[in-house]
Amino acid sequence: MTTRARGSVTVTWPEANARRLARQHLSGPVPGLSPADAVGAMLGTHAQVLSAAELSVGLRGAGLTRTDVRTALWTEDADRRTLVKTFGPRGTVHLLPAADLPLWTGALSAVPTGPNPFPKDARMTSDQVEEVVAAIGAALTGAELTVDELSEEVVARTGPWAGDLVMPGFQEMWPRWRQVLHLAGHRGVLAYAPNRGRRATYTNPGYTPLPGPEAQAELVKRYLRAYGPATPAHFARWLAAPKRWAEGLFASLSGAGAGAGAGSGSGSGSGAIEEVAFEDAGPAWVVAGDTDFPAGPVRGVRLLPYFDAFAIASQPRERLFPGRAFERALGGGQAGNYPVLLVDGTVAGVWHQRRSGKRITVTVEPLESSEPLPAGRLRELEDEVERVGAIMEGRAELTVGAVSVGPHA
């Protein structure tokens, strides 16, 4: 490890990347790591595709399987559930540690919203938003409801206007109230409950959000520990928040003053973060005093699934996705659309899995060379494929060739 004097820190991309991989537990699986600890290290696991989330978690811990993740999430004893499925960063479905839900809801519910994306005749007033969120929380207290059952309750508790079919959904129109479903999650009054057959259900998890300034200050520090050095623009992009607001929040945490757009985070934890020089990104930030970085290069082969947190949050993306990887594995700039092959900490290919019973066929497409993989790399890849099979509780076999499927397949 290398240590530099505070105030004169310059961080290279290889150093930053190596530390992020280590803190993401991607340098090697960690013995004894729990699913909740793995999710906490990632700052949430994208769970729109739940099987991908299970693999993301399993890859971090030695011996973890999808059953371990499901048990942590859905165990019948609700008081022993250590993971929660709810709406996280960017308003997307995530797994979050249950113990951290007050932090997440406090931080996310206080993030400023951007322009209303819905047509004028589909929007709700601020009073209507509050009425719907309250109705969702009341309807889900002590209950587990499907979205249709919840819709009936919300309309009954508010009025027919909440049920107007004005929101474009998947080949159908959804009722007006559903545009704030994610906001109810951010307020801490909605989370996923175990499926009823093949239908998702929701419940009120009963967590009280932390005060916004306190929660946002802590979230910035956790983000910088996991993905720093980073800029306010990186943080804003990860959170889908206004850049100007993020700049003000970072300024308040650095002791540089509230700054423009600091909002509710102004003045919280002054001096909690410090500036460093970060290669092409210019000035960036780390937690104060957190300026030790690995000296050695990253080595090894890793397979990351759809929407793995490391691939989404690590910036600058052009350094993680160099050359052909920027187009082939990003799909025009959107991280997560393809599972990726990491070679020595850099995206060097894409991959896909097909399952038939216990059999899992993993097809890997290296990007930069038409030559066969060197024998050493092939053995590493075979070991990684074997790990994928163990995590997903199947028998995985490797093929190397073109991956023809599209994103999210």
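The present account deals with the structure reproduced in this document. Keep in mind that what you see is a predicted model, and the values were worked out from it rather than measured.

Cut-offs and rules
- Residues numbered from 1 in each chain as written.
- Predicted model: local features only at pLDDT ≥ 70, side-chain atom pairs only at ≥ 80, totals over all residues.
- Heavy atoms only, no water.
- Buried < 20%, exposed > 50% of the residue type's maximum accessible area, 1.4 Å probe, protein only.
- Helix = DSSP H or I, 4+ residues; strand = E, 2+ residues; numbered from the N terminus.
- Contact = heavy atoms within 4.5 Å.
- Core = buried A, V, L, I, M, F, W, Y, C linked by side-chain atoms within 4.5 Å.
- Axes fitted to C-alpha atoms, helices over the stretch in contact; angles between N-to-C directions.
- Parallel < 35°, antiparallel > 145°, perpendicular 65-115°, else oblique.
- Nonpolar A, V, L, I, M, F, W, Y, C, P; charged D, E, K, R; others polar.
- Phe/Tyr/Trp six-rings, centres within 6.5 Å; stacked < 30°, edge-to-face > 60°.
- Polar contact = N/O pair within 3.5 Å; in protein donor to acceptor, adjacent residues only side chain to side chain.
- Arc of directions from axis to C-beta.
- Pairing = 2+ DSSP bridges.
- Salt bridge = Lys/Arg side-chain N within 4 Å of Asp/Glu carboxyl O.

### Remarks on helix H10 (residues 232-239)
Working step 1: By the criterion of burial, H10 is predominantly enclosed, with six of the eight residues buried.
Working step 2: Within H10 the residues assigned to the buried category are Pro232, His234, Phe235, Ala236, Trp238 and Leu239.
Working step 3: In this structure, the buried side of H10 is in contact with helix H5 (101-108), helix H9 (212-227), helix H11 (243-254), strand E12 (282-287) and helix H12 (309-313).
Working step 4: With its phi angle positive at about 60°, alanine 240 sits one or two positions after the end of H10.

### A few points about the nonpolar core
Working step 1: The biggest cluster of nonpolar side chains holds 73 residues, and the ones touching the most others in it are Leu150 and Phe235.
Working step 2: The biggest single contributor to this core is H9, with eight residues.
Working step 3: Aside from chain neighbours lying at most four places away, what touches leucine 150 is Ile136, Ala139, Leu140, Leu145, Trp177, Leu181, Leu190 and Tyr202.
Working step 4: Ranked by size, the runner-up nonpolar core spans 47 residues in total, among them Ala52, Leu303, Val364 and Leu381.

### Examining the packing of H5 against H9
Packed helices, taken two at a time, are described by the angle their axes make and the gap between the axes.
Working step 1: Where H5 meets H9, the closest approach of the two axes is 8 Å, and the angle between their N-to-C directions is 105°. Considering the angle they form, H5 stands roughly perpendicular to H9. Taken together, the residues of H9 that come into contact with H5 (itself represented by Leu103, Trp104, Gly106 and Ala107) are Gly212, Ala215, Gln216, Glu218, Leu219 and Arg222.
Working step 2: Here the residues of the contact of H5 with H9 are counted per class, giving five nonpolar, three polar and two charged.

### Topic: unusual backbone geometry
Working step 1: At the junction of glycine 228 and proline 229, the peptide bond is cis and its omega measures out at 0° in the coordinates.
Working step 2: Mapped onto the elements of the fold, proline 229 is located in the loop between H9 and H10.
Working step 3: Across the junction of glutamine 315 and proline 316, the peptide omega takes the value 0°, indicating a cis bond.
Working step 4: The phi torsion at leucine 43 lies on the positive side, around 60°, for a residue other than glycine.
Working step 5: Considering the arrangement of structural elements, one finds leucine 43 in the loop between helix H2 (35-42) and strand E3 (45-46).
Working step 6: Residues other than glycine seldom take positive phi values, yet glutamate 393 does so here, at roughly 60°.
Working step 7: Tracing the sequence through the fold places glutamate 393 in the loop between helix H15 (375-391) and strand E17 (395-400).

### Brief notes about the packing of aromatic side chains
Centre distance and the angle of the planes are the two values used to describe a pair of aromatic rings.
Working step 1: Per the stated rule, a full pass over the model turns up nine aromatic pairs.
Working step 2: Between phenylalanine 87 and tyrosine 192 the ring centres are 6.1 Å apart and the planes differ by 40°, which places this aromatic pair in the tilted class. Of the two residues, phenylalanine 87 is situated in strand E5 (residues 83-87) and tyrosine 192 in strand E9 (residues 191-196); the sequence distance between them amounts to 105 residues.
Working step 3: On the accessibility criterion, phenylalanine 87 (8% relative accessible area) is buried.
Working step 4: Here tyrosine 192 falls in the buried class, since its relative accessible area comes to 13%.
Working step 5: Ring plane angle 45° and centroid distance 5.8 Å describe the contact between tyrosine 223 and tyrosine 227, whose orientation is recorded as tilted. With a gap of four residues between them, tyrosine 223 and tyrosine 227 both fall in helix H9, about one helical turn apart. Pair check on accessibility: tyrosine 223 and tyrosine 227 agree, each one buried.
Working step 6: Through a chain of ring-to-ring contacts, the aromatic side chains of Trp104, Tyr223, Tyr227, Phe235, Trp238, Trp245 and Phe250 assemble into a single cluster.

### A few points about the packing of helix H3 (residues 50-58) against helix H4 (residues 66-74)
Working step 1: Where H3 contacts H4, the two axes come as close as 9 Å, and the packing angle between them is 105°. Relative to H4, H3 is oriented roughly perpendicular. In this structure, H3 uses Leu50, Glu54 and Val57 to contact H4, whose residues at the interface are Arg66, Val69, Arg70 and Leu73.
Working step 2: In terms of residue class, the contact of H3 with H4 is made up of four nonpolar, no polar and three charged.

### Quick look at the side chain of asparagine 17
Working step 1: Tracing the backbone shows asparagine 17 in helix H1 (residues 13-23).
Working step 2: Owing to a relative accessible area of 3%, asparagine 17 belongs among the buried residues under this scheme.
Working step 3: Reaching out from asparagine 17, the side chain makes a polar contact with the backbone oxygen of glycine 345 at a distance of 2.8 Å.
Working step 4: Not counting residues up to four positions away in its chain, the partners in contact with asparagine 17 are Phe310, Ser314, Leu320 and Gly345.

### Quick look at helix H7 (residues 147-157)
Working step 1: Within H7 the residues assigned to the buried category are Val147, Leu150, Ser151 and Val154. Angularly, the buried residues of H7 cover 105° about the axis, an arc narrow enough to put them on a single face. Residues of H7 that are exposed and angled more than 90 degrees away from the buried face: Glu152 and Ala156.
Working step 2: Elements that come into contact with the buried residues of H7 comprise helix H6 (126-140), strand E8 (173-175), helix H8 (181-186) and strand E10 (199-203).

### As for the sheet that holds strand E15 (residues 346-356)
Working step 1: A sheet is described by the order of its strands in space; here five strands give the open sequence E13-E14-E15-E16-E17, paired in mixed fashion. The open sheet terminates on both sides in strands that have one partner only, identified here as strand E13 (301-304) and E17. Each adjacent strand pair in this sheet contributes to an overall mean axis angle of 30°, direction not counted.
Working step 2: Contacting E13, strand E14 (340-343), strand E16 (359-366) and E17, H15 runs over the sheet at an angle of about 35° to E13.

### A word on the pattern of salt bridges
Working step 1: Per the stated rule, a full pass over the model turns up 21 salt bridges.
Working step 2: For glutamate 393, the salt bridge goes to arginine 66, with nearest N and O atoms at 3.0 Å. Pair noted here: glutamate 393 is in the loop between H15 and E17 and arginine 66 is in helix H4, with a separation of 327 residues, a long-range link.
Working step 3: The exposure class assigned to glutamate 393 is partly exposed, which follows from its relative accessible area of 24%.
Working step 4: When its relative accessible area of 17% is taken as the criterion, arginine 66 is described as buried.
Working step 5: Salt-bridge contacts for glutamate 218 lead to lysine 221; the nearest nitrogen and oxygen are separated by 3.8 Å. Taken together, the positions of glutamate 218 and lysine 221, both in helix H9 and three residues apart, correspond to about one turn of that helix.
Working step 6: What makes lysine 221 partly exposed here is its relative accessible area of 22%.

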